[in-house]
Amino acid sequence: MEAAVPQTPAELTVTSPEQMRDLGRSLAKLLRAGDLVLLSGELGAGKTTLTRGLGEGLGVRGAVTSPTFVIARVHPSLGHGPPLVHVDAYRLSGGLDEMEDLDLDVSLPESVVVVEWGEGKVEELTEDRLHVVIHRAVGDTTDEVRHVTVRGLGERWAGAELSVLSA
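Residues numbered from 1 in each chain as written. Predicted model: local features only at pLDDT ≥ 70, side-chain atom pairs only at ≥ 80, totals over all residues. Heavy atoms only, no water.

(A) Representation of the nonpolar core in the model. Among the nonpolar cores identified, the biggest contains 28 residues, and L23, L130, V132, V148, V150 and L162 are the most heavily contacted of them. Among the elements of the structure, β1 (10–14), α1 (17–28), β2 (36–41), α2 (47–58), β5 (112–116), β6 (129–136) and β7 (146–153) are those that each provide at least two residues to this core. Residue contributions to this core peak at four residues, all from α1. Not counting chain neighbours up to four residues away, the residues in contact with L23 comprise L12, V14, L50, V148 and L165. Ranked by size, the runner-up nonpolar core spans ten residues in total, among them V85, L108, V115 and V122. (Core = buried A, V, L, I, M, F, W, Y, C linked by side-chain atoms within 4.5 Å. Buried < 20%, exposed > 50% of the residue type's maximum accessible area, 1.4 Å probe, protein only. Helix = DSSP H or I, 4+ residues; strand = E, 2+ residues; numbered from the N terminus. Contact = heavy atoms within 4.5 Å.)

(B) The arrangement of α2 in detail. Helix length check: α2, at twelve residues, gives a terminal C-alpha distance of 16 Å against a target of 16 Å (1.5 Å per residue), a fit within 8%. Taking burial as the measure, the twelve residues of α2 include nine buried ones, the bulk of the element. Along α2, the positions that sit buried rather than exposed are K47, T48, T49, L50, T51, G53, L54, G55 and L58. Buried positions along α2 lie against α1, β2, β4 (84–88), β5 and β6. Count one or two residues on from α2 and you reach G59, which has phi positive near 70°. (Expected span 1.5 Å × (residues − 1).)

(C) View of the side chain of S40. Considering the arrangement of structural elements, one finds S40 in strand β2. Only 3.2 Å separates the side chain of S40 from the side chain of E119, close enough to count as a polar contact. (Polar contact = N/O pair within 3.5 Å; in protein donor to acceptor, adjacent residues only side chain to side chain.)

(D) Examining the environment of E144 more closely. Position of E144 relative to the elements: it lies in the loop between β6 and β7. Of the residues examined, E144 reaches a relative accessible area of 36% and is grouped as partly exposed. Once the C-alpha coordinates of E144 and V14 are considered, the two residues, 130 residues apart in sequence, prove to be 7.9 Å apart. Ignoring any residue separated from it by four or fewer positions in sequence, one finds E144 in contact with V14, T15, S16 and P17.

Shown next as structure tokens:
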């Protein structure tokens, strides 16, 4: 199988939590059942805020909150769209073996699966995934500015126009 041409990433600057949620809502318009989204970024970068916007954009039930202690939450669709499976892999150290206990491979075909802290843990689920990296200033700062990179990997994202996210 021939490898897909690398997708040109979308580079965005987000200056508030509201803008991060808006980005999530915009990103939701590009997603469909079977999509895997990996979120990377420092603690407090805005991963859950982005996912909250995704949930709003997908029209799912339930408040999207950090699933740190329950590891995964399923938010069923309120309409005809896919459910959102929100996973926080921060406390999981075993890679895919530990992730297999969550049965994400079963959920993936009919859901949008968002995994916070999933880098190096869930890539084996599918070659097609969207990787969102959120950078923020670290240290003692109240700076709300975030630099977000959205990169599509695999055939699913080869023709996707991610630049619409910065519009």
